[in-house]
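What follows is each chain in one-letter form.
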Amino acid sequence: MDVWRSLGSDLRLAARRLLETPGFTVVCIATLAIGIGGNIAVFTLIDRVLLKPLPVPRPHELYRVGETDACCVNGGLMDSFSLFSYDLFTHLRDAAPEFRQLAAFQANTRAITLGRGDADTPPETLTSAFVSGNYFEMFGLAPAAGRLVQPADDRAGAAPAAVISHVAWHRRFGGRPGIVGAAVTLNGVPATIVGVAPKGFYGEMLRPDPPEIWVPLAAEPLLQPAARLLEARRSHWLYAIGRLDPRTPIEPLQARLTTALRTWIEANMNLSADERSRLPQQHIKVIPASGGVNNLRNAVRPALNVLQALAAAVLLIACANLASLLLTRGTARRAETAVRTALGASRTQLVSQFLVESLLLAILGGLVGLLVSIAGARAILDLAFRGAPGFPVDPWPSSGVVAWAVAASLVTGVLFGAGPAVVGSKSSPVDALRGAGRSSADRGGRLRHSLIVLQVALALVLVTCAGLLARSLQKLEAQDFGFVVDHHYVVNLAPSFTMVPAERLEATYARLRERLMQIPGVVNAAYSLYAPMSGDNWATLITVDGRSPAERLLASWNRVSPGYFETIGTPLIRGRAFDERDGPGAPLVAIVTQALATRYFGGSDPIGRRIGPRPTSGAPTRDYEIVGVVGDAKYQDGRGEPYVTYFLPFLQQIDAVRRANEARGVALDRSHYAQAIELRTAGAAPALEAEVRRALAEADRRITFRSLVSMDEQIARAFTLERLVARLTLAFGAIALLLACLGLYGVTAYSVARRTREIGIRMAVGASRPRVLLAILRGALMQLAIGAAIGLPAALAAGRLLQEQLFQITPHDPAVLAGGLALLGATALMAGWIPALRAATMDPVRALRTD
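Residues numbered from 1 in each chain as written. Predicted model: local features only at pLDDT ≥ 70, side-chain atom pairs only at ≥ 80, totals over all residues. Heavy atoms only, no water.

Draft legend 1. Structural view of the overall build of the chain. Per the secondary structure count, the chain includes 25 helices and 22 strands. The proportion of buried residues among the 851 residues of the chain is 54%. Expressed as a percentage of contacts within the chain between residues at least 6 apart in sequence, the contacts between residues at least 24 apart total 82%. About 35500 Å² of surface is accessible on the chain, with carbon and sulfur atoms providing 58% of the total. (Helix = DSSP H or I, 4+ residues; strand = E, 2+ residues; numbered from the N terminus. Buried < 20%, exposed > 50% of the residue type's maximum accessible area, 1.4 Å probe, protein only. Contact = heavy atoms within 4.5 Å. Areas by Shrake-Rupley, 256 points an atom, 1.4 Å probe, with all protein chains shown as cover.)

As structure tokens, this is what we get:
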């Protein structure tokens, strides 16, 4: 009982002391709030993005068939298989009875056009995913309204059914109960919305564009007639997750699935000699999947780890600053402590009082930091997932994160309050008689200076890291992408375009381009299968004239319209570009990039040579005469080298391809349908979106507008993680500089206050003001030099750890290191100048009278 009474007394006294010095209290709380708040914000994202399991019952029972993050459609050998065709999925499902349920789902989301049957309501695009009939049943979910997709919905001939997400129910349909049973059209096909998914369920994968609507796999050929992936035995596009008893032995299951995989490959794939030699390498892994498919988690993990390290460094600087402030305060109160000692207070009581005060500050700082963290986590999400308003991550800290914040505050208060508490309690009763100002002993001086050196060293590390990442981002965004960025816009089209019959495509494309060119300000218009830096990539194994057919040659490819290269600004190096000669019935031609010409043709001229996709069993052989070479451009990866790529005209041989596909029971190849339109304008085009919507409607009402983005924005979205890390590192670096500056200022100012009489004596016996100024500055700069000497090797080591995050810049970039040292030096000079100037301008007579 005495303990609690004593603790209550200490708390009341600590609160009174803090209220008596509001400036000191606010600075301490703000310092801790920044350090703890930044850590809570980053830790919240780590918890939500990397650690949180799927919001489904018993997630520990979920296991994934496959381990790699493969996306989105693959037609060849993969060594470690994670994508499956529907035929291969059913084959594996039958070979693995250990799974209580095994569900398949589309590896990537796609846009789908939803019409409500109301002439006054235009069609809109939703993010969709095809799933097996047991998908929701396997996850153990109950509907928020209506019912979920069932196995009966996933049978050939079943009427298309759809389930919308809880978010889409409210965002798109106002949460109206009448949506259940509503008749709609999906890509022009009649369908019924049968239910709403439970609140909080975002699918099997955390991603910026979670599905807004789920449709059974059986409906895929109806809704994607130009793809018909369900019927393509060798097109792998499905992931698989199922429920296992956690005690099930995994190794025997993997071995049986691998055997089944190889059996299926031999029976269904026309293997070349090289591919047959790779057959023993083809295998399947079964891994825990409580967090679902981890594509995004794996992508953002390095960035979040970097941010966590930086936030921890800021917290350490903040704590060192707090300790320095408490130490200075404790030393300034040594006369009071001496009096209390003289009156009988034990050293234990004094240490306890100081510790309670530091704990109270830490707890208050933690509470304010918790509020800061919510705003910080939301800002980080907006930066990291630009253009993705539906990203399903809650910025509010979980109970575990709150518990961590409380623990961090308490540990901070104890660890960084203990030193000042012990030093502050070391006051002899003689000090009370001698007077506060007359004691020459500077207890804690060495610790105080050590804390400043630590802050300077950590600040240099953070400033250097910020400089490296900022320069890297600048080089990323300013690089030559191989196309024009200014006044370049991309119109993304909805997949309803694939409902346009093949025989009408030529006229539709001609009418579309004509109408787009009539938009005020548009100087050029073209269309393509996919746009630069859109994140899309179509690739295939190819045959090259003069190279052995057995060689495994891979290339990306794209379909583009006449005028495409002029529109996007990629230069023609040799030969010619596509034009009206390359229409239906014309000889097959292609244009290749300089990278492809160099890799596969060496130093010889590729014009007139032939290239084409490697034929698969039952498919017609097609090769193309190379008529042009264009410059390299980055379409997929802004960090790596441009992919080797060849381009094909949109409408060339479209009738022949359609007839060949129909003979095989396949609709027109979906690559003949444009997914993007590229526009070049003479300047700013504020009303461009409205004009584009109008042009699409006039060309063909089945061409549904999805979005319009400038190429600047498209590139910015490609580097969101890099921008996030760079900006937050800059923020952390600025905070570190500010805290180090405050700490250095405080120590220098305290030193001046302690040495007031000494300075007065020096000036009285002839010391000049510049000499006094330099003497004070020398102490501040000495701490800076020691901190920089320690921080420089640490900064070089941190730069090496950041190497994978950097682009065209070395971890030991001299300009960045010199800039960091110069900035730190200027900050330290500014922090020491004010108290040094005060010391140099003081009146010696007043200084000598100071007690």
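Past the structure itself, the notes keep going.
Draft legend 2. Here's a closer look at the pattern of salt bridges. With the rule as written, the count across this model stands at 28 salt bridges. The partner of E231 in a salt bridge is R228, with the nearest N and O atoms 2.8 Å apart. For E231, a relative accessible area of 43% translates into the label partly exposed. Between R694 and E691 there is a salt bridge; the shortest N-O distance is 3.2 Å. One end of the pair is R694 and the other is E691, both in helix 19 (residues 688-699) and three residues apart, which spans about a single turn. Judged by relative accessible area, R694 falls into the partly exposed class, the value being 40%. The structure contains a network of salt bridges with shared partners spanning R58, E61, R100 and R243. (Salt bridge = Lys/Arg side-chain N within 4 Å of Asp/Glu carboxyl O.)

Draft legend 3. Region of interest: unusual backbone geometry. Positive phi values are uncommon outside glycine, yet M533 reaches one of about 60°. Relative to the assigned elements, M533 resides in the loop between strand 13 (522-528) and strand 14 (539-544). Non-glycine residue Q808 carries a positive phi angle of around 55°. For Q808, the position within the fold is in the loop between helix 23 (769-801) and helix 24 (814-840).

Draft legend 4. Expanded view of helix 5 (residues 166-173). Every buried residue belonging to helix 5 is among H166, A168, W169 and F173, and all of these are buried. Seen along its axis, helix 5 keeps its buried residues to an arc of 165°; they face one direction. Just downstream of helix 5 lies G174, where phi reads positive at about 65°. (Arc of directions from axis to C-beta.)

Draft legend 5. Spatial organisation of the nonpolar core. Counting 218 residues, the largest nonpolar core has F136, L186 and L679 as the members making the most contacts within it. Here the element with the most residues in this core is helix 14 (residues 445-478); it accounts for 13 residues. In contact with L679, not counting residues within four places along its chain, are H487, H488, Y489, V491, L516, V522, N524, A525, T567, L688 and V692. (Core = buried A, V, L, I, M, F, W, Y, C linked by side-chain atoms within 4.5 Å.)

Draft legend 6. Expanded view of the pairing of strand 21 (residues 676-681). With five of its six residues buried, strand 21 lies for the most part within the structure. Bridge count between strand 13 and strand 21: six bridges; the pairing is antiparallel. Paired with N524 across the strands is R680, a residue of strand 21. (Pairing = 2+ DSSP bridges.)

Draft legend 7. Main features of the packing of aromatic side chains. Within the structure shown, the criterion is met by 21 aromatic pairs. One aromatic cluster is present, formed by F105, Y135, F136, F139, F201, W214 and Y239 through successive ring pairs. In this structure, R64 is placed above the aromatic ring of Y239, and the distance from its NZ or CZ to the ring centre is 4.6 Å. (Phe/Tyr/Trp six-rings, centres within 6.5 Å; stacked < 30°, edge-to-face > 60°. Lys NZ or Arg CZ within 6 Å of the ring centre and 35° of its normal.)

Draft legend 8. Spatial organisation of the side chain of T570. Take T570: it is sitting in the loop between helix 16 (564-568) and strand 16 (572-575). In this structure T570 touches G482, F483, F565, V630, G631 and A633, once residues within four positions along its chain are discounted.

Draft legend 9. Broad picture of the packing of helix 3 (residues 86-95) against helix 7 (residues 250-268). In the contact formed by helix 3 and helix 7, the axes pass within 9 Å of each other and the chain directions differ by 145°. Helix 3 and helix 7 meet at a crossing whose hand is right-handed. Between helix 3 and helix 7, the residues in contact are D87, L88, H91, L92 and A95 and R256, L257, A260, L261, W264 and N268, respectively. (Axes fitted to C-alpha atoms, helices over the stretch in contact; angles between N-to-C directions. Left-handed = near helix turned anticlockwise from the far one by under 90°.)

Draft legend 10. View of the packing of helix 15 (residues 505-517) against helix 19. Relative to each other, helix 15 and helix 19 sit at 150°, their axes nearing to 9 Å. On the basis of the axis angle, helix 15 is roughly antiparallel to helix 19. Seen from above, helix 15 lies across helix 19 with right-handed handedness. Judged by residue contacts, R511, L512, R515 and L516 of helix 15 engage E691, R694, A695, L696, E698 and A699 from helix 19. Residue composition of the contact of helix 15 with helix 19, by class: five nonpolar, no polar and five charged. (Parallel < 35°, antiparallel > 145°, perpendicular 65-115°, else oblique. Nonpolar A, V, L, I, M, F, W, Y, C, P; charged D, E, K, R; others polar.)

Draft legend 11. Quick look at a nonpolar patch on the surface. Side chains of I363, L364, L367, V406 and L410 sit close together on the surface and give an oily, nonpolar patch of about 390 Å² of accessible area. Every element with two or more residues in the nonpolar patch is listed here: helix 11 (347-384) and helix 12 (399-425). For the nonpolar patch, the element with the highest residue contribution is helix 11, accounting for three residues. Within the secondary structure, L364 sits in helix 11. You can call L364 partly exposed: its relative accessible area is 32%. (Patch = residues over 30% accessible without salt bridge, like charges linked within 9 Å, V, L, I, M, F, W, Y side chains within 5 Å.)

Draft legend 12. Just the pairing of strand 8 (residues 189-196), in detail. Most of strand 8 sits inside the fold, with six of its eight residues counted as buried. Sheet topology places strand 7 (residues 183-186) next to strand 8; four bridges connect them, and they run antiparallel. Looking at strand 8, one finds that L186 is bridged to V189. Between strand 7 and strand 8, which follow one another and run antiparallel, lie two residues, and N187 among them has a positive phi close to 50°.

Draft legend 13. Region of the structure containing the environment of V491. Of note, V491 is situated in strand 12 (residues 488-493). Residue classification places V491 among the buried positions, given a relative accessible area of 0%. Not counting residues within four places of it along the chain, the set of residues in contact with V491 comprises Q675, A676, I677, L679, V692, F705, S707 and L708.

Draft legend 14. Broad picture of the confidence of the model for the chain. On average, residues of the chain score 81 in pLDDT, and 84% of them reach the 70 mark or higher. Of all the helices and strands in the chain, helix 13 (residues 429-434) carries the lowest mean pLDDT, 52, while strand 9 (residues 213-216) carries the highest, 96. Contacts of residues 436-441 to residues separated by more than four positions or lying in other chains number 12 contacts, the stretch itself having pLDDT below 50. Scored below 50 in pLDDT, residues 663-668 makes 19 contacts in the model with residues more than four places away or belonging to other chains. (pLDDT = per-residue confidence, 0-100.)

Draft legend 15. Molecular detail of the environment of R701. Considering the arrangement of structural elements, one finds R701 in the loop between helix 19 and strand 22 (705-710). Remark: the alpha-carbon pair of R701 and V500, spanning 201 residues in sequence, is separated by 9.6 Å.

Draft legend 16. Up close: the side chain of Q254. Its place among the elements puts Q254 in helix 7. Given the relative accessible area of 9%, Q254 is considered buried. Engagement of the side chain of Q254 in a polar contact is seen with the backbone nitrogen of V286, the distance being 2.8 Å. Discounting chain neighbours no more than four positions away, the residues touching Q254 are I284, K285 and V286. (Polar contact = N/O pair within 3.5 Å; in protein donor to acceptor, adjacent residues only side chain to side chain.)

Draft legend 17. The environment of V314, seen in detail. Position of V314 relative to the elements: it lies in helix 9 (residues 295-332). By relative accessible area, V314 is classed as buried at 2%. Sequence spacing of V314 and N39 is 275 residues, and the spatial spacing of their C-alpha atoms is 8.5 Å. If near-sequence neighbours (up to four positions away) are discounted, V314 is found in contact with G35, L462, F732, I735 and L739.

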